[in-house]
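Listed below, chain by chain, are the residues.
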Amino acid sequence: MTAQMEAQLVQLQACMYQYSRAIYRSIKDLIDPYAEASVQLESRRAVLEQCEQTMERLARDPLYFSKPDRALFQDIRRYFPITAQAEVAWAVKEGVAAAVAFIEEQIEAGALDGGVARCRATTRKGKPCQRTPLPERDYCPSHQHLERSKVAA
Ligand SMILES: [Zn+2]
């Protein structure tokens, strides 16, 4: 890894930390208000930790982490009362979408090409394609039509 790439990764992680804090802030007050104070504190810690883990994983593995919002919601929903679930799901979806959009921008800007390049397509079975993309492209030979449709859009 070059020093420049390392600096970019540090900066990215700092940004991801901001996103995880934002998600946490948007939902922390929805944590079961009738639980004991100590339980509430534990729940808050657990929720914050899950937000951070999700963002860390997203920063490390942005192309292979499918449905990160759903994964995070599944991990934290038990800390919220049933009446707050829809609101939590929405906040998580919005917060994660903002982080994903940010990461995608970084990838397009070429800031994140430190890893092994892989085709960005998803196979029919819903798994990420593991093939090597064409030079200077995001897709492998069998998925290159996806790139063209993206450019056309
Ligand atoms: Zn492919």
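Located above this text is the structure these notes cover.
Predicted model, so just to flag it, every value in this text is computed and none were measured. (Residues numbered from 1 in each chain as written. Predicted model: local features only at pLDDT ≥ 70, side-chain atom pairs only at ≥ 80, totals over all residues. Heavy atoms only, no water.)

Draft legend 1. Local environment of the coordination of the zinc ion. Every protein donor of the zinc ion is listed here as C119 (SG), C129 (SG), C140 (SG) and H143 (ND1), and their distances to the metal cover 1.9 to 2.4 Å. If you look at the zinc ion, its four donor atoms make angles of 103 to 114° with each other, and the shape they trace is tetrahedral. The sequence motif formed by the donor residues of the zinc ion is C-x9-C-x10-C-x2-H. With a relative accessible area of 0%, C140 lands in the buried category. (Donors = N, O, S within 2.8 Å, 3.2 Å for Na, K, Ca; no water. Tetrahedral: all angles 85-135°; square planar, octahedral: opposite > 155°, others 65-115°. Buried < 20%, exposed > 50% of the residue type's maximum accessible area, 1.4 Å probe, protein only.)

Draft legend 2. Main features of the layout of surface pockets. The volume enclosed by the second largest pocket comes to roughly 410 Å³. Every residue lining the second largest pocket is counted, 20 residues in all, and those nearest its centre are P62, L63, Y64, F65 and S66. No other element matches helix α4 (residues 85–108), which puts four residues into the lining of the second largest pocket. Classifying every residue of the lining of the second largest pocket by side-chain character gives 13 nonpolar, three polar and four charged. (1 Å grid on protein atoms, 1.4 Å probe; cavity = no way out; pocket = protein on both sides within 12 Å on 5 of 7 lines; lining within 4 Å. Points joined across faces, edges and corners; volume = space filled by probe spheres on them. Helix = DSSP H or I, 4+ residues; strand = E, 2+ residues; numbered from the N terminus. Nonpolar A, V, L, I, M, F, W, Y, C, P; charged D, E, K, R; others polar.)

Draft legend 3. Just α4, in detail. For α4, with 24 residues, the first-to-last C-alpha span of 34 Å sits near the 34 Å given by 1.5 Å per residue. Taken as a whole, α4 has its buried residues at Q85, V88, A91, V92, G95, V96, A99, F102, I103 and I107. (Expected span 1.5 Å × (residues − 1).)

By themselves, these figures tell us nothing about what the structure is for.
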